[in-house]
Each structure stands twice: as C-alpha cells, then as structure tokens.
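A look at the structure
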Amino acid sequence: MRKDFLVFGSPQIEQAEIDEVTECLRSGWWGAGPRVARFEKAFAKYRRADYAVALNSCTAALHLSLLAAGLEPGDEVITTPMTFCASVNAIIHAGAKPVLADVDPVSMNIDPRAVEAAVTPRTKAVLPVHFAGRPCDMDRIMALADQRGFTVIEDCAHAIETEYHGQPAGTFGRFGCFSFYVTKNLATGEGGLVLTRDAGAAGRIKRLALHGMSADAWKRFGDEGYKHYFVVEPGYKYTMMDLQASIGLHQLERVEANWKRRLQIWNRYLEELADLPLCLPAPFEPDTRHGLHLFTILVDEKNAGVTRDELLTRMTKSNIGVGVHYMSVPEHPYYQDRYGWTPDAWPVARDIGRATLSLPLSAKLTDQDVTDVVEAVRAGLKR
Ligand SMILES: *Cc1c(COP(=O)(O)O)cnc(C)c1O
C-alpha cells in the first residue's frame, strides 16, 4: 500500500505560477487589474470567443449570466439533476425556479428529449452541464432553443478543453461559465469566467461583479488620476484578483499539455480496469473532444460484490482520495422541502448518483500514482 495519501484533484502548480504570484505581490497591485485583463484576453483567445469576464467563481458566473439573461420572478430554468448544487443554487439566487430534466444513461448529460418534455411557456433558459468534460448534444439543445425561444447558459465547470463538432464548449449558448476552483482542470484557487459574444451583456456582468459601479471602477486607485465612480444598480462583489490571474495565466499556458497527460491516464484506466465488474466511461462521441475532468466508474453491488460506499471507504483506507460526482440533486433535503422533489422522479440520475465513484485524474499524477489507484480499485473489489 502507498505510504502517503493521494489527494483527489490536487492541482499541478509549477515555478512559473509561483514566480508570477511573487511578482504580482511585489508590484503592490493584487486586486482586479492588468493581470486579470491579460487572463481574460488569453482565455477568450484560447476558446475563440469574443468577450471574457473573469470572476471569483463559476457560481458567480452562472448567477450573473442568469441575471444578464433578464430572468423575471416565476421564470423557469431547466437544468440537469446530475450536477453540483451550484448550478441549481445559481438559478434560485437569480430569482427563478429550477426545473430538472433527466440525463442520458450513456453520456450522463442532460437528455434533449427530457428538456423538450420539461419546456413550459415560462421556460426562459436552459442550463446544460458538460458533465465530466463530455459535451452535451449541443445541436439538439440549440435547435430546441431557437424553436422555443429560450436562452442557453452552458455550465463549463468541467469543460475547459471540451469541443463539440469542432467548436469549443461555452461558445454555443449566450453564455459559457467556467470554474477555476482548485480541483478543476485549470486552477486559480477560487475563480471563474463568463464567455459571451454579447458586448452589452459582458459589460453588464462586469458591472454587476463590482457593486454595480460604472465601467472600469477598479482603475479608481490607479495612476491615471482619481476617477469618481457611480453606482447604477445594486451589484455584487464577484471580481477575480490579479493574484489569482497570476496563477491562471501560467495554468492556461499548460492547459493542452495537461489535457494530453490526462488522456494517457484515462487510457491506462480504461485498459487496466477493463476486466473488472465495473462500468467504465463510454467511448467519446464522434467529432467531439472530451475535457477529461472526471473519470467516473459505476459500482453496481450486484456485479461488483461491494457497495459504492464500501469501495469509497476501502480506497480511502488504501490512501487513495476519491470523489462522488454527484449524488443527484433531488437527494438533498433542501430541494425536497422547497420543491417537493424526490430522487425517483429522475431515475437515471438517481441510479448514476448512487453508483458513481471518481478516480484521481490530475495531470500531476505520476505513473506510479496511477498504478496505485488501479491496485486499490482491484483490492477494493475483492470480497
Ligand atoms: C465546480 C462546479 C461549479 C462551481 O464552481 P465554483 O467555481 O466552485 O463556483 C459549478 N458547476 C459544476 C458542474 C461544478 O463542477
């Protein structure tokens, strides 16, 4: 058994980030400023998008995108039950009502047929999540959006490198929301970003992220002379700091190299776990690029001989950090109490959520780490 604990989702940090953070600290300007502007530009270029607004989280990105979409009380937003709670909470904070549409059992992404069935005259937006980094069926979702006249806001927290039919995830809908949380493919500690082709909406999101103050209010402390600012609506405090952008700039330079490393790890898992009584991730759909954020296995007690929770415990005891992405949203008491949801109403997501277990997939893993993970899964499945 390995000696030290393998932390799940531990980010790969290199000297370039450390040097840039030091330089940023020494410059005396830590808050939102020139490094954030550089990061926004570089990220927009990477994803071939028009505008990027960097924020302090993907949750903030989702919240402000929903506000910029012009939701009104009573409006409905359709999303997936197979996601992190933040996707649903952002809808609630924007004053709308979340509506769930079940997932496809193979892709684990929101099923366009279920979306169609959930549309009502009050549907204002659909919030698909590219789960694990696998792109949603954007042809069908965008066709439905055109037909039924709703806004699409993509949750790209897992999908930084994802492409669908040659086009980057996050550039299909009106907004694409990204996360740079510590465990994500590109990490700034806390961090998020919105991509959009709508200049007006980008400006509104920028303003809402800084107290609702008129444009570029962050420059008020700069050397161009003091500038008065004017509050034009009650905003939030959601800005990214230059300290975070310092890390992001260098993480972005390595994003493709890290993706290639995760592909090697992915293929080793596929090969070396193939003979076990588990369900492994489905092959990539043609003409798509998977973002390779999560490698999820499904543990069905009838085949595997152990429960998912028992395997979680055994792997942790063998010093391998593991994750659960996710128990379906209606498993949580708040949503049951407020909306009367029960897991059984979305049975595909329910079953995935009760069987799923995520293996470490950080680009930081060594070949020996991967071997240790495979051995821990094998050992954990022995009765
Ligand atoms: C991580 C995550 C979020 C939230 O991202 P933060 O940057 O932590 O706010 C939202 N949606 C999904 C699917 C996520 O995995």
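Since we're looking at a predicted model, the values are computed, not measured. (Residues numbered from 1 in each chain as written. Predicted model: local features only at pLDDT ≥ 70, side-chain atom pairs only at ≥ 80, totals over all residues. Heavy atoms only, no water.)

Counting residues in hydrophobic clusters, the biggest one holds 31 residues, and the most contacted among them are Leu55, Leu64, Leu66, Val77, Phe175 and Ile205. Elements represented by at least two residues in this core include exactly strand 1 (51-55), helix 3 (58-68), helix 4 (85-93), strand 4 (123-127), strand 8 (175-179) and helix 7 (199-209). With eight residues, helix 3 is the single largest residue contributor to this core. The contact partners of Leu64, leaving out residues within four places of it in the chain, are Leu55, Ile205, Leu208, Ala209, Tyr236 and Tyr238. Counting 29 residues, the second-largest nonpolar core is a separate cluster that includes Ala304, Leu361, Val370 and Leu381. (Core = buried A, V, L, I, M, F, W, Y, C linked by side-chain atoms within 4.5 Å. Buried < 20%, exposed > 50% of the residue type's maximum accessible area, 1.4 Å probe, protein only. Helix = DSSP H or I, 4+ residues; strand = E, 2+ residues; numbered from the N terminus. Contact = heavy atoms within 4.5 Å.)

With that out of the way, let us pick up a nonpolar patch on the surface. A cluster of nonpolar side chains, Leu25, Trp30 and Met241, forms an exposed patch at the surface whose accessible area comes to about 270 Å². Tracing the backbone through its elements, the reader meets Leu25 in helix 1 (residues 15-27). For Leu25, a relative accessible area of 38% puts it in the partly exposed group. (Patch = residues over 30% accessible without salt bridge, like charges linked within 9 Å, V, L, I, M, F, W, Y side chains within 5 Å. Areas by Shrake-Rupley, 256 points an atom, 1.4 Å probe, with all protein chains shown as cover. Salt bridge = Lys/Arg side-chain N within 4 Å of Asp/Glu carboxyl O.)

We now examine the sheet that holds strand 9 (residues 192-196). Backbone hydrogen bonds are what pair the strands of a sheet, in a parallel or an antiparallel way. Read from one edge of the open sheet, seven strands run 1-9-8-5-4-2-3, paired in mixed fashion. Only two strands of the sheet have a single partner each, and these edge strands are strand 1 and strand 3 (97-100). On average, each strand axis in the sheet is tilted by 25 degrees relative to the strand beside it, whichever way the strands run. As defined by bridge partners, strand 2 (residues 76-79) adjoins strand 4 across four bridges and the pair is classed as parallel. Of the residues in strand 4, the one forming a bridge with Thr79 is Leu127. (Pairing = 2+ DSSP bridges. Axes fitted to C-alpha atoms, helices over the stretch in contact; angles between N-to-C directions.)

Attention now moves to the layout of surface pockets. Counted as a void, the largest pocket has a volume near 390 Å³. Along the wall of the largest pocket there are 21 residues; nearest its centre are Phe84, Ala86, Ser179, Tyr181 and Lys184. Among the secondary structure elements, those contributing two or more residues to the lining of the largest pocket are helix 3 and helix 4. A per-element tally of the lining of the largest pocket places helix 3 first, with three residues. A class-by-class count of the residues in the lining of the largest pocket yields eight nonpolar, ten polar and three charged. A domain-level breakdown of the lining of the largest pocket finds at least three residues from each of domain 1 (15-253) and domain 2 (255-381). (1 Å grid on protein atoms, 1.4 Å probe; cavity = no way out; pocket = protein on both sides within 12 Å on 5 of 7 lines; lining within 4 Å. Points joined across faces, edges and corners; volume = space filled by probe spheres on them. Nonpolar A, V, L, I, M, F, W, Y, C, P; charged D, E, K, R; others polar. Domains from an automatic or database assignment.)

Before going further, it helps to examine helix 13 (residues 347-355). Within helix 13, the full set of buried residues consists of Ala349, Arg350, Ile352, Gly353 and Ala355. The elements touched by buried residues of helix 13 are strand 11 (295-298), helix 11 (308-317) and strand 12 (356-359).

So, about the side chain of Glu154. As for its position among the elements, Glu154 is in strand 5 (residues 151-155). Despite being buried, Glu154 has no salt bridge partner; Arg197 is the closest side chain of opposite charge, sitting 6.3 Å away. Within polar-contact distance, the side chain of Glu154 engages the backbone nitrogen of Thr171 at 3.4 Å. There is a polar contact of 2.8 Å between the side chain of Glu154 and the backbone nitrogen of Gly173. (Lys, Arg positive; Asp, Glu negative; His and termini not counted. Polar contact = N/O pair within 3.5 Å; in protein donor to acceptor, adjacent residues only side chain to side chain.)

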